[in-house]
Amino acid sequence: MKQYIKIMVSCFVVWTCIGLSSCEKYLDKEEQTNISEKEAFKNFTNFQGFTEELYNCIVNFTNNYWTNSWNWGEDEITSTAGNFHFIHKIDDGNFWGWQSEFDGWGSGWMNQSDFSTSNGRFNKDLWNAAWYGIRKANIGLANMDLMTDATPEEKNLIKGQLLFFRGWFHHRLMEYFGGLPYIDYVLPSAGEIKLPRLKYNECADKAAADFRAAADLLPINWDDTAPGKRTLGKNQLRINKIMALGYLGKNYLWAGSPLMNYESTGSKTYNVEYCKKAAEAFGELLSLTESGATQYQLVTFDNYYKNFYTMNDGWALPGATEAIFRGPYMSGNDSNWGTSKQYTPVVVSEGDIKFTPTANYVDYYGMKNGLPIPDITKPDAESGYDPQYPWKGRDPRFYNDIVFDGVKFVQGAIPNVQEQPNRYANLFTGGSYRDISTGSRTGYVLRKFIPITANKYDNAYSYGNSLHIYVPYMRLADVYLMYAESALMGYNSPTGKSSNFSKTAVEAVNVIRARAGVDPVNAKFLGSADAFLPELRRERAVELSFEGHRFNDLRRWMLLISQPYTLKKSVEFDRTGTFDTTDPTKNKVANLREVVILERKFTEKHYWLPLKNVDVNMYAEFSQNPGW
């Protein structure tokens, strides 16, 4: 924060409308390249060039390092070969590890020591990019009057983007650190600054005003605007009305969630009024998308993977029609080396650090009939779950996301005869995929973000296949589920709904289930808000699994420090009977049980990340988070 509060105001350069170039320090530039503020902001092309750098401040958390850690709840655990990611520090209760001062590897996307807005993926981080972006957005807003050679539409596009980014960067910081100073003007580059930390709700109200104003100024689709027609077909990442509405709703829902409401008012319950405001924002968005008035819609389940990766498509950015907010395109092949190899055990992949789903998290994937599994070790007549055949009859997303024992993992030839048994996932206790150092510690492997052929035999990650992985910040399914939560808690009923959208909370959840081929929410969960809320949260856990949401969800629900959410488990079992190579769900197991790998020892201080000491020591009003 400190270094970016004092960024020099004179750093203005004309960029091209499409390019995303980084801002050079004023004193490092050739004198002949300097231009006046009047020239820099006079028309749309020049002002948009200034604005474009904000897009390069969006951190790609998926692909920020050679191997990438972004799932910090109870959802994931790494192999023991690597212990330097922030997830290991979180497991130890050492939340200081998000800071570069406490991360000797420089592997975290939250903070890097050499921040830059260049195209490199190793030098972007949330902390520096957010303060930098806020400063830049405020400079742009302060100079809107200099945009004299522009149409009203062009002025709205510039102002809308700047307002969105100011709200978005504040929202992202608030999400991890709580109420902060909300900087909505250009701070002087010299002199004393003593901006106090606001309460969370006070920050959220200011961010909401920016998001609302942005939504009112921006188009649904830039392709339909005169400036957008100049870059036709290249506008999908540009900030629009739908993005602004999505984050307006998310900002309100977060402010209404128990943790944020507790920080603001002292009450550990949902704030009803904020939830109602969230439902209205999401309702406006969903009414537009369901009417066909936008470029967004849920992808079909057979195209579900397109939310996260593309292959043989010229390094096309993933997301299809469902991704609402993503960062800019970087080098596609980086995701092969930085992401694709971190999931499958070393016997079928390169690289030794593996990220695997915990068994307790996989338990959230219930049955195709929509019912949860009460206890993975016991038969359940109601849902039809049988612990002798634990992979049978499950939610179709289980088969899409998770590799379980017996799945045919290698499709092509395996030249080494001794390795041929590895064609099928050996995830039973003692199996070859279960090396805790370089394989699965949990009995499961994640395949949600990579094709099944991403292994050293089928080699889908070779350069020629142009496998490009990118997990979006927000997609339409997330909006449906956030709307459901907002409507449920705002109106205290599974049939609660906003005034501007036709669907109730439970109907919104069922839209997502229907897409996956899962039966609707069972009637036994619909008697009250309290009965429905756990099932809604389970749905969110399954649909948005491993996409970076779980840690913040557990925090805002005030569940992070409580069992069973502090546990990470493995599933242990033996194979028995005849091994079926055509349908692994028919394989019988014995001695099924779960074993605790680790238990996190958290206290209430772990609900918020600690701020940097160098920043909290600047002045008394910028105080450290409690307990740190």
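Heads up: the structure comes first, above all this text.
(A) Representation of the overall build of the chain in the model. Along the backbone of the chain there are 19 helices and 10 strands. A compact globule built from 628 residues would reach a C-alpha radius of gyration of about 25 Å, and the chain, at 24 Å, matches this within 12%. Along the first, second and third principal axes, the C-alpha set of the chain runs to 80 × 55 × 50 Å. Within the chain, contacts between residues separated by at least 24 positions form 71% of all contacts whose residues are at least 6 apart in sequence. Accessible surface, the chain as shown: approximately 22,300 Å² in total, 51% of it carbon and sulfur. Mean positive and mean negative side-chain charge positions of the chain (67 and 71 charges, respectively) differ by 1 Å.

(B) Geometry of the nonpolar core. Residues Phe164, Phe177 and Phe325 are the most contacted members of the largest nonpolar core, which totals 180 residues. With 12 residues, the top contributor of residues to this core is helix α6 (residues 152-177). Setting aside anything within four residues of it in sequence, one finds phenylalanine 325 in contact with Ile58, Phe164, Trp168, Ile239, Met243, Tyr247, Pro472, Tyr473 and Met474.

(C) Molecular detail of the packing of aromatic side chains. Applying the stated rule across the entire model yields 61 aromatic pairs. For the pair tryptophan 127 and phenylalanine 177, a centre-to-centre distance of 5.2 Å together with 70 degrees between the ring planes defines the contact as edge-to-face. Separated by 50 residues along the polypeptide, tryptophan 127 in helix α5 (residues 126-142) and phenylalanine 177 in helix α6 bring together distant segments of the chain. Residues tryptophan 127 and phenylalanine 177 agree in their burial class; the two are buried. Geometrically, the ring pair formed by tryptophan 391 and phenylalanine 573 is edge-to-face, given 5.5 Å between the ring centres and 65 degrees between the ring planes. Highlighted residues: tryptophan 391 in the loop between α13 (359-362) and α14 (396-401) and phenylalanine 573 in strand β9 (residues 567-576), separated in sequence by 182 residues. Phenylalanine 573 shares its class with tryptophan 391; the two are buried. For the cation-ring pair, arginine 238 lies above tryptophan 222, with the distance from its terminal atom to the ring centre recorded as 5.5 Å.

(D) View of unusual backbone geometry. Along the chain, glutamine 563 connects to proline 564 via a cis peptide bond; the corresponding omega equals 5 degrees. Among the secondary structure elements, proline 564 is positioned in the loop between α18 (550-556) and β9. The residue asparagine 459 is not glycine, and still its phi comes out positive at about 60 degrees. Residue asparagine 459 is classed as partly exposed on the basis of its relative accessible area, which comes to 29%. Within the chain, phenylalanine 546 stands out as a residue other than glycine whose phi angle is a positive 65 degrees. Mapped onto the fold, phenylalanine 546 is located in the loop between α17 (529-543) and α18.

(E) Quick peek at the environment of arginine 423. Locating arginine 423 in the fold gives a position in the loop between β5 (402-403) and β6 (445-446). Separated by 41 residues in the primary sequence, arginine 423 and glutamate 382 place their C-alpha atoms 35 Å from one another. If sequence neighbours within four positions are ignored, arginine 423 has contacts with Val407, Lys408, Phe409, Val410, Gln411, Gly412, Ala413, Ile414 and Tyr433.

(F) Local environment of the packing of helix α16 (residues 505-516) against α17. Two numbers describe how α16 lies on α17: the axes approach to 11 Å, and their chain directions differ by 35 degrees. Seen from above, α16 lies across α17 with left-handed handedness. Where α16 approaches α17, its residues Ala505, Val506, Val509, Ile512, Arg513 and Arg515 are matched on the opposing element by Phe532, Glu535, Leu536, Arg538, Glu539 and Glu543. For the contact of α16 with α17, the residue count by class is 6 nonpolar, no polar and 6 charged.

(G) Highlighting the pattern of salt bridges. This structure, assessed with the given rule, holds 40 salt bridges. One salt bridge connects glutamate 74 with arginine 550, and the closest N-O pair in it is separated by 2.8 Å. With a gap of 476 residues between them, glutamate 74 in the loop between α3 (44-52) and β1 (76-78) and arginine 550 in helix α18 connect regions that are remote in the sequence. For the residue pair glutamate 74 and arginine 550, the accessibility class agrees, reading buried in each case. With a shortest N-O distance of 3.8 Å, lysine 456 and glutamate 419 are connected by a salt bridge. Of the two residues, lysine 456 sits in the loop between β6 and β7 (468-469) while glutamate 419 sits in the loop between β5 and β6, which places them 37 residues apart along the sequence. A residue is classified by how much of its surface remains accessible, and lysine 456, at 35% relative accessible area, is partly exposed. A relative accessible area of 24% means that glutamate 419 is categorised as partly exposed. Each member of the salt-bridge network shares a partner with another, and the members are Glu322, Asp395, Arg397, Lys448, Arg475, Arg513, Arg515, Glu535, Arg538, Glu539, Glu543 and Glu547.

(H) Expanded view of the side chain of threonine 225. Looking at the secondary structure, you find threonine 225 in the loop between α7 (200-217) and α8 (226-229). Using a relative accessible area of 4% as the deciding quantity, one classes threonine 225 as buried. Ignoring any residue separated from it by four or fewer positions in sequence, one finds threonine 225 in contact with Glu153, Leu157 and Pro219.

(I) Focus on the state of the cysteines. The full count for this structure, using the stated rule, is 0 disulfides. Here cysteine 203 is not disulfide-linked; the sulfur of cysteine 275 is the nearest cysteine sulfur, at 18 Å. For cysteine 203, a relative accessible area of 1% puts it in the buried group.

(J) Seen up close, α7. For α7, with 18 residues, the first-to-last C-alpha span of 26 Å sits near the 26 Å given by 1.5 Å per residue. Of all the residues in α7, the buried ones are Tyr200, Asn201, Cys203, Ala204, Ala207, Ala208, Asp210, Phe211, Ala214 and Ala215. Along its buried surface, α7 packs onto α6, α9 (241-256), α10 (258-265) and α11 (272-290).

(K) Quick look at α3. Most of α3 sits inside the fold, with 8 of its 9 residues counted as buried. Within the sequence span of α3, burial applies to Phe44, Asn46, Phe47, Gln48, Gly49, Phe50, Thr51 and Glu52. Looking at the buried positions of α3, the neighbouring elements they touch are α2 (37-40), α5, α6 and α8. Where α3 begins, the capping side chain belongs to asparagine 43, and its oxygen is found 3.4 Å from the backbone nitrogen of threonine 45.

(L) Focus on the packing of α7 against α9. With their axes 8 Å apart at the nearest point, α7 and α9 run at an angle of 165 degrees to one another. The angle between α7 and α9 places the two elements in the roughly antiparallel class. Two packed elements cross with a definite hand, and for α7 against α9 that hand is left-handed. Between α7, through Tyr200, Ala204, Ala207, Ala208, Phe211, Arg212, Ala214, Ala215 and Asp216, and α9, the contact on the second element is made entirely by Lys241, Ala244, Leu245, Tyr247, Leu248, Asn251, Tyr252, Trp254 and Ala255. Of the residues assigned to the contact of α7 with α9, the class counts are 14 nonpolar, 1 polar and 3 charged.

The rules behind the values
Residues numbered from 1 in each chain as written. Predicted model: local features only at pLDDT ≥ 70, side-chain atom pairs only at ≥ 80, totals over all residues. Heavy atoms only, no water. Helix = DSSP H or I, 4+ residues; strand = E, 2+ residues; numbered from the N terminus. Rg over C-alpha atoms; globule rule 2.2 N^0.38 Å. Contact = heavy atoms within 4.5 Å. Areas by Shrake-Rupley, 256 points an atom, 1.4 Å probe, with all protein chains shown as cover. Lys, Arg positive; Asp, Glu negative; His and termini not counted. Charge placed at Lys NZ, Arg CZ, Asp CG, Glu CD. Core = buried A, V, L, I, M, F, W, Y, C linked by side-chain atoms within 4.5 Å. Buried < 20%, exposed > 50% of the residue type's maximum accessible area, 1.4 Å probe, protein only. Phe/Tyr/Trp six-rings, centres within 6.5 Å; stacked < 30°, edge-to-face > 60°. Lys NZ or Arg CZ within 6 Å of the ring centre and 35° of its normal. Axes fitted to C-alpha atoms, helices over the stretch in contact; angles between N-to-C directions. Left-handed = near helix turned anticlockwise from the far one by under 90°. Nonpolar A, V, L, I, M, F, W, Y, C, P; charged D, E, K, R; others polar. Salt bridge = Lys/Arg side-chain N within 4 Å of Asp/Glu carboxyl O. Disulfide = S-S within 2.5 Å. Expected span 1.5 Å × (residues − 1). Polar contact = N/O pair within 3.5 Å; in protein donor to acceptor, adjacent residues only side chain to side chain. Parallel < 35°, antiparallel > 145°, perpendicular 65-115°, else oblique.

That's the geometry; what it means functionally is another story.
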